[in-house]
Amino acid sequence: MEIIKNYINENKDRFVNELIDLLKIPSVSADSAFSQDVLNTADKVKFFLEEAGCDKVELCETPGYPIVYGEKIINLELPTVLVYGHYDVQPADPIELWDSPPFEPVIKKTDIHPEGAIFARGACDDKGQFFMHVKALELMMKTNTLPCNVKFMIEGEEEVGSPSLAWFVERNHEKLKNDVILISDTGMISNTQPSITTGLRGLSYVEVEVTGPNRDLHSGLYGGAVANPINILTKMISSLHDENNRITIPGFYDKVEELSKEEREEMGKRPFSLEEYKRALDIDDVHGEAGYTTNERNSIRPTLDVNGIWGGYTGEGAKTVIPSKAFAKISMRLVPNQDWEEITELFKKHFESIAPKSVKVEVKPHHGGQGYVTPIDSIGYQAAAKAYNDSFGVAPIPVRSGGSIPIVALFEKELKSKTIMMGFGLDSDAIHSPNEHYGLFNYFKGIETIPLFYKYFTELSK
């Protein structure tokens, strides 16, 4: 531990400056206007992996953006850790809500981060977090403490559903062969209470289109006689939940895992203040499925949410029209055992069935992925728990996340290995939102904890 802390203290400024260089590049995979920036970021990641000590680093071509692969193999008889991360970021919009430009990183102190936090798009999700692993490798190489083999697979399409990742993984089983997969793309409870994410929800994402008349109509001449697609769409969406906020799609809950009372009580040990939660979000009350706590609603229960809705005239002033079309984007977060393709089909069938004859409905599936649960009795989890306990001085709590990382289930299916999710972000880090940031404490603590995982995983694997 002393060796680790000394190396971090001697290189703190450089570690921060290198991350800032990476954050300056607007690697927005969702917008083709930034395609060259995404490619430039891949080049930068390749450079940093080479500098950290990987013997072999390559940009692997895919149908989309390249995957940066790197490896340091010291002994084939030793365990191999595969690190996954992504170098692409979410769009920064709405730009006007940022306190500082999203791709001009600044360090500011906050109440939660008195040591300072880096404010920039991608600071926490996921450049800051995957870069901890690069710096951890450098640390182990420079101090001659790397106890096992390591491989890196850093992709550039995670924020658009990882369309090329399955293609790459299916074709590279031998290259990616490993004993455990390590990901830092999640969070922890607080800077004094670490946690390990043991479960992720799956995802089904669709877009719906409701069409009425063949053109926009005068609302005075046609109002009341012709279906208004916006009115119809909002009624259809409203019917997707009942009075207890349960989803009304037939068959939706058929495969939902029901946790035991004991499991729910264990989850309930997680420190949580409902009043602080409401205050942080500036809401008077919470909302969700009856019979479940807030933390259960956003982790072990499935959900259905409208992510965007539009149609008709939305410009300044008035325009009295009945629009020809109305649209919505809808996501469903799923729990383990719910198959995302099956849920997508159930949604499509149900949504089309509840449409009146006065409109036409089209459901367009976008992307999705399966949920995932990792066992806490695995060697990987035990190694992570010991690492957190050493660096934080307190045992981590296993938690299930409400988020989705669809590729985790893919990894288990294709590579036959378990994934350990060692996240160091906080709920307050505003990922996907304006003013995203990542605490310097968290960044350095990750670099400190990761080498300990390698140490304990190697010891426990003997």
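Residues numbered from 1 in each chain as written. Predicted model: local features only at pLDDT ≥ 70, side-chain atom pairs only at ≥ 80, totals over all residues. Heavy atoms only, no water.

(A) Quick peek at the sheet that holds strand 5 (residues 117–119). The sheet built from three strands is open, its strands ordered 4-5-18 with antiparallel pairing. With partners counted over all chains shown, the strands left at the sheet margins are strand 4 (106–108) and strand 18 (437–439), one partner each. On average, each strand axis in the sheet is inclined to that of its neighbour by 30°, with strand direction left out of account. Here helix 13 (residues 440–460) sits on the sheet and contacts strand 4, strand 5 and strand 18; the angle it forms with strand 18, its principal contact strand, is near 60°. (Pairing = 2+ DSSP bridges. Helix = DSSP H or I, 4+ residues; strand = E, 2+ residues; numbered from the N terminus. Axes fitted to C-alpha atoms, helices over the stretch in contact; angles between N-to-C directions. Contact = heavy atoms within 4.5 Å.)

(B) View of the packing of aromatic side chains. In total, this model carries 15 aromatic pairs according to the counting rule given. Look at Phe 252 and Tyr 253: their rings are 5.3 Å apart centre to centre, the planes differ by 75°, and that puts the pair in the edge-to-face class. Tyr 253 shares its class with Phe 252; the two are buried. Ring centres 6.2 Å apart and planes at 90° place the aromatic pair Phe 453 and Tyr 454 in the edge-to-face group. You'll find Phe 453 and Tyr 454 in the same group, each marked buried. Here a set of aromatic residues connected by ring pairs shows up, and it is made of Phe 47, Phe 48, Phe 130 and Phe 131. Arg 246 extends its terminal NZ or CZ atom over the ring of Tyr 253, reaching a point 3.9 Å from the ring centre. Geometry around Tyr 456 places Lys 386 over its ring, the cationic atom sitting 4.7 Å from the centre. (Phe/Tyr/Trp six-rings, centres within 6.5 Å; stacked < 30°, edge-to-face > 60°. Buried < 20%, exposed > 50% of the residue type's maximum accessible area, 1.4 Å probe, protein only. Lys NZ or Arg CZ within 6 Å of the ring centre and 35° of its normal.)

(C) Examining the side chain of Glu 157 more closely. Tracing the backbone shows Glu 157 in the loop between strand 6 (149–155) and helix 4 (165–170). Lacking a salt bridge, the buried Glu 157 has Arg 171 as its closest oppositely charged neighbour, with an N-O distance of 12 Å. For Glu 157, the side chain forms a polar contact with the side chain of Ser 164, separated by 2.8 Å. The residues contacting Glu 157, other than those within four sequence positions of it, are Ser 29, Gly 64, Tyr 65, Asp 88, Ser 162, Pro 163 and Ser 164. (Lys, Arg positive; Asp, Glu negative; His and termini not counted. Salt bridge = Lys/Arg side-chain N within 4 Å of Asp/Glu carboxyl O. Polar contact = N/O pair within 3.5 Å; in protein donor to acceptor, adjacent residues only side chain to side chain.)

(D) Representation of the sheet that holds strand 9 (residues 202–211) within the structure. Strand order in this open sheet of four strands is 11-13-9-14, and the pairing throughout is antiparallel. Only two strands of the sheet have a single neighbouring strand rather than two, namely strand 11 (303–311) and strand 14 (360–369). When strand polarity is set aside, the average angle formed by the axes of neighbouring strands in this sheet is 15°. By the bridge criterion, ten bridges tie strand 9 to strand 13 (residues 325–334) in an arrangement that is antiparallel.

(E) Inspection of the pattern of salt bridges at higher detail. The tally for this structure, following the rule as stated, stands at 25 salt bridges. Notably, a salt bridge pairs Lys 175 with Glu 58, separated by 2.5 Å at the nearest N-O pair. Taken together, the residues Lys 175 in the loop between helix 4 and strand 7 (180–183) and Glu 58 in strand 1 (residues 56–60) connect sequence positions 117 residues apart. The class for Glu 58 is partly exposed, based on a relative accessible area of 24%. Between Glu 436 and Arg 121 there is a salt bridge whose closest N-O contact spans 2.7 Å. Pair noted here: Glu 436 is in the loop between strand 17 (419–421) and strand 18 and Arg 121 is in the loop between strand 5 and helix 3 (127–142), with a separation of 315 residues, a long-range link. Since its relative accessible area comes to 0%, Arg 121 is described here as buried. Bridged by salt links that share partners, the residues Arg 14, Glu 18, Lys 135 and Glu 138 form one connected network.

(F) Highlighting the side chain of Asn 172. Mapped onto the fold, Asn 172 is located in the loop between helix 4 and strand 7. For Asn 172, a relative accessible area of 17% puts it in the buried group. Side-chain polar atoms of Asn 172 contact the backbone oxygen of Phe 168, separated by 2.7 Å.

(G) A look at helix 6 (residues 229–238). Within the span of helix 6, buried status applies to Pro 229, Ile 232, Leu 233, Met 236 and Ile 237. The buried residues of helix 6 occupy an angular sector of 130° when projected down its axis, which confines them to one face. Set apart from the buried face of helix 6 by more than 90 degrees, the exposed residues are Lys 235 and Ser 238. Packing partners of the buried residues in helix 6 comprise strand 9, strand 11, strand 12 (321–322), strand 13, helix 10 (340–353) and strand 14. One side-chain oxygen of the residue at the start of helix 6 lies 2.9 Å from the amide nitrogen of Ile 230, identifying that residue as Asn 228. (Arc of directions from axis to C-beta.)

(H) Quick peek at the nonpolar core. Counting 65 residues, the largest nonpolar core has Val 81, Tyr 87, Phe 152, Tyr 443, Phe 453 and Tyr 454 as its most contacted members. With ten residues, the top contributor of residues to this core is helix 13. What Phe 152 contacts, discounting residues up to four positions off in sequence, is Leu 49, Cys 54, Val 68, Tyr 69, Gly 70, Leu 82, Val 83, His 133, Val 134 and Leu 137. By size, the runner-up hydrophobic cluster in this structure holds 27 residues, among which are Val 208, Val 256, Ala 326 and Val 361. (Core = buried A, V, L, I, M, F, W, Y, C linked by side-chain atoms within 4.5 Å.)

(I) Here's a closer look at the pairing of strand 13. Counting buried positions along strand 13 yields seven of ten residues, so the element is predominantly enclosed. Bridge count between strand 11 and strand 13: eight bridges; the pairing is antiparallel. Bridge pairing in strand 13 links Ile 309 to Ala 328.

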